[in-house]
Amino acid sequence: MSTSILSSGDLTADRRADFAAMLAADGDPEAAADLMGQALELAPDWAAGWFLRGGYLEIAGLEAPAIAAYRMVVKLAPDDMFGASLRLALLGEIQQPDVPPSSFIERLFDDYAERFDEALVDRLDYSVPGKLADLLLAYAGGDHIFETVVDLGCGTGLFGKEISRLSNNLEGYDLSANMLSKADEKQYYTLLGLADLSLPPESCGLFDRRPRHRADLVSAADVLMYLGNLEAAFANVDQLIRPGGHFAFSVEKASEATGFELCLSLRYAHSRAHVEGLLTRHGMKVAAMEETVIRTDAGNPIIGLLFVAIKLPPSTAEMLG
């Protein structure tokens, strides 16, 4: 969390929060939670403080008070920019949300933008952009040029770097303004804009300045795991791709054979069958697929599924549907 979000507005409360963080780092989350409780006596309406207390309590194994703290976060910050509802879902207190709060994802990546490339590539062995580009080129051919590419959740432009030499017109969209600013510095994109894939086509922001069915390729590298229910995202892709165009994307692989699930990382995992069903419903079919390690998390490999799908002509899609 950024410093401005963390501040309670009370100097003594902030100092106690700083000491609580030190206690947690030293391996005493219960003492950290107690000290955060003292800070919150001075600043009872401090949503970020309640979220920190909930986290310390959860690590200490004190689920009931952690749930109470997270519920207070949701009460004080109804837009749920801290993602407290996701923590409540993982604790079994509420039903798994179909999608995370947009304000949570926006804040997460706004705060993450400055260190995003280093953290993912150098520390987490993040490999989706290169592997997804390789899968796409193995299918389409290394000399194939995509006239218009729309890179969804473009972030700082890691996949844009891979695909820019193969496109004449590369558009990038993201929910985070800070991420778009970092992408703009790299000068891969001819157009950058804000968009929210969890919203339907009429309100997502992808069609405010540009027409529908304009893309030869739509990409979503390491994006869909920040959504649970992908219906809106796939509807947007459906409206972006022209018949015969392609959709290159990745998901984290779910442990179950069907559906999607919220993970401890606060990302979502999706099953192959679930993804293929969505593609069929939106007039697409799988052209290439690869199962591979896409990153590490706490030193453990995370398995993902990489897809290249093709948009079918309307008549063919209706027959298959």
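1. Observations regarding the overall build of the protein
1) Next: Check the secondary structure of the protein and you find 14 helices and 9 strands.
2) Next: The C-alpha atoms of the protein give a radius of gyration of 21 Å, which matches the 20 Å a tight globule of 321 residues would have.
3) Next: For the protein, contacts bridging at least 24 residues in sequence account for 60% of all contacts bridging at least 6.
4) Next: Averaging the locations of the 26 positively and 47 negatively charged side chains of the protein gives two centres separated by 3 Å.

2. Some words on the nonpolar core
1) Next: Ranked by internal contacts, the top residues of the largest apolar core, which has 39 residues, are Leu132, Ile163 and Leu217.
2) Next: Tallying contributions element by element places helix α9 (residues 128–140) first for this core, with 6 residues.
3) Next: Apart from the residues within four sequence positions on either side, isoleucine 163 is in contact with Leu136, Leu170 and Leu217.

3. Concerning a negative patch on the surface
1) Next: A grouping of Asp26, Asp28, Glu30 and Asp34 is seen on the molecular surface, where their side chains present a negatively charged patch.
2) Next: A relative accessible area of 46% places aspartate 34 in the partly exposed class.

4. Examining the pattern of salt bridges
1) Next: Taken as a whole and assessed by the stated rule, the structure comprises 14 salt bridges.
2) Next: Here glutamate 171 ties to arginine 214 by a salt bridge, and the two come within 3.0 Å at their closest N and O atoms. Of this pair, glutamate 171 sits in strand β2 (residues 167–174) while arginine 214 is found in the loop between β3 (191–194) and β4 (215–220), placing the two residues 43 residues apart along the sequence.
3) Next: The network of salt bridges with shared partners includes Glu171, Arg210 and Arg214.

5. A closer look at the pairing of β3
1) Next: By the alternation rule, side chains of β3 split into Leu191 and Gly193, which are all buried, and Leu192 and Leu194, of which none is buried.
2) Next: Across 4 bridges, the pairing between β2 and β3 is parallel. Each residue of the ladder has a partner; that of tyrosine 173, found in β3, is glycine 193.
3) Next: Following the chain from β2 across helix α11 (residues 177–186) to the adjacent parallel β3, one finds a crossover that is right-handed.

6. Looking at the packing of aromatic side chains
1) Next: Summed over all chains, the structure comprises 8 aromatic pairs.
2) Next: Ring geometry for phenylalanine 234 and phenylalanine 249: centres 5.8 Å apart, planes at 80 degrees, overall edge-to-face. One end of the pair, phenylalanine 234, is in helix α12 (residues 231–240); the other, phenylalanine 249, is in strand β5 (residues 241–253), and 15 residues separate them in sequence. Like phenylalanine 249, phenylalanine 234 is buried.
3) Next: Look at phenylalanine 249 and phenylalanine 307: their rings are 5.0 Å apart centre to centre, the planes differ by 10 degrees, and that puts the pair in the stacked class. Here phenylalanine 249, found in strand β5, pairs with phenylalanine 307, found in strand β9 (residues 300–311); they are 58 residues apart in sequence, far enough to count as distant. Across this residue pair, the class does not change: phenylalanine 249 and phenylalanine 307 are buried.
4) Next: Every member of this aromatic cluster is reached through a ring pair, and the members are Phe234, Phe247, Phe249 and Phe307.

7. Overview of the packing of helix α2 (residues 11–25) against helix α3 (residues 29–42)
1) Next: It is the contact of α2 with α3, at a shortest axis distance of 8 Å, that shows an interaxial angle of 170 degrees. The angle between α2 and α3 places the two elements in the roughly antiparallel class. Where α2 abuts α3, its residues Thr12, Ala13, Arg16, Ala17, Phe19, Ala20, Leu23 and Ala24 lie against Ala31, Ala32, Leu35, Met36, Gln38, Ala39 and Leu42.
2) Next: For the contact of α2 with α3, the class distribution of residues is 12 nonpolar, 2 polar and 1 charged.

8. Things to note about unusual backbone geometry
1) Next: Positioned with a positive phi, aspartate 80 is a non-glycine residue whose angle comes to about 55 degrees.
2) Next: Looking at the secondary structure, you find aspartate 80 in the loop between α5 (63–76) and α6 (84–90).
3) Next: At glutamine 187, a residue that is not glycine, the phi angle is positive and equals roughly 60 degrees.
4) Next: Inspection of the secondary structure puts glutamine 187 in the loop between α11 and β3.
5) Next: Residue glutamine 187 is classed as exposed on the basis of its relative accessible area of 70%.

9. Observations concerning empty space enclosed by the protein
1) Next: Tallied over the full model, the rule gives 1 cavity of 30 Å³ or more.
2) Next: Computed from the structure, the largest cavity encloses a volume of approximately 450 Å³.
3) Next: Forming the boundary of the largest cavity are 31 residues, of which Phe109, Gly153, Asp174, Asp222 and Val223 lie nearest the centre.
4) Next: At the level of elements, α7 (102–112), α8 (116–123), β1 (146–152), α10 (158–163) and β2 are the ones that each hand at least two residues to the lining of the largest cavity.

10. Here's the deal with the pairing of β4
Looking along a regular strand, one sees the side chains alternate between the two faces of the sheet.
1) Next: With 6 of 6 residues buried, β4 is to be regarded as a mostly interior element.
2) Next: Pairing of β1 with β4 involves 3 bridges; the strand directions are parallel. Along β4, the bridge assignment pairs aspartate 151 with serine 219.
3) Next: Pairing geometry for β4 and β5, over 5 bridges, is parallel. Across the sheet, residue leucine 217 finds its bridge partner in β5, namely histidine 246.
4) Next: Crossover handedness for the path β4 to α12 to β5: right-handed.

Thresholds, definitions, all that
The written sequence of each chain sets the order in which its residues are numbered from 1. The predicted nature of this model means local features are confined to residues of pLDDT at least 70 and side-chain atom pairs, given and counted, to a pLDDT of 80 or more, with totals for whole chains, interfaces and linings taken over all residues. Calculation of side-chain values draws on the structure's entire complement of heavy atoms; hydrogens and water are dropped beforehand. Strands are runs of DSSP state E lasting at least 2 residues, helices are runs of H or I lasting at least 4, and numbering of each runs from the N terminus. As a reference, a globule follows 2.2 Å times the number of residues to the power 0.38, and the radius of gyration itself is taken over C-alpha atoms. It only takes one pair of heavy atoms within 4.5 Å for two residues to be counted as in contact. Positive charge is attributed to Lys and Arg, negative charge to Asp and Glu, and no charge count is given to His or to the chain ends. By convention, the charge on Lys lies at NZ, on Arg at CZ, on Asp at CG and on Glu at CD. Each nonpolar core is a collection of buried residues, namely Ala, Val, Leu, Ile, Met, Phe, Trp, Tyr and Cys, held together in the definition by side-chain atoms within 4.5 Å. Accessibility here uses a 1.4 Å probe with only protein chains present; expressed as a share of the type maximum, an area under 20% marks a residue as buried, one over 50% as exposed, and anything in between as partly exposed. Only residues whose relative accessible area exceeds 30% and that take part in no salt bridge are eligible for patches, with like-charged residues grouped when within 9 Å of each other and nonpolar side chains (Val, Leu, Ile, Met, Phe, Trp, Tyr) grouped when within 5 Å. Under the convention used here, a 1.4 Å probe and the Shrake-Rupley method define accessible areas, while residue burial counts only the protein chains that appear. Salt bridges are defined by distance alone: a side-chain nitrogen of Lys or Arg within 4 Å of a carboxyl oxygen of Asp or Glu. Paired strands are those between which DSSP finds at least two bridges. Note on handedness: a clockwise path from strand one over the helix to strand two, with the strands aimed away from the viewer, defines a right-handed crossover. Any two rings among Phe, Tyr and Trp, with Trp reduced to its six-membered ring, count as a pair given centres within 6.5 Å; such a pair is stacked if its planes are under 30 degrees apart, edge-to-face if over 60, and tilted if neither. Here an angle of 0 to 180 degrees is reported between the N-to-C directions of two axes, which are lines fitted to C-alpha atoms, with helices fitted over the stretch in contact. Put simply, angles under 35 degrees are roughly parallel, angles over 145 are roughly antiparallel, angles from 65 to 115 are roughly perpendicular, and the rest are oblique. By the convention adopted, Pro, Cys, Tyr, Trp, Phe, Met, Ile, Leu, Val and Ala count as nonpolar, Lys, Arg, Asp and Glu as charged, and the other residues, Gly among them, as polar. Put plainly, a pocket is an open set of points on a 1 Å grid over the protein atoms alone with protein on both sides within 12 Å along at least five of seven lines, a cavity is a set where a 1.4 Å probe fits but cannot get out, and a lining residue has an atom within 4 Å of a point. Grid points are joined across faces, edges and corners, and a volume is the space filled by probe spheres set on the points.

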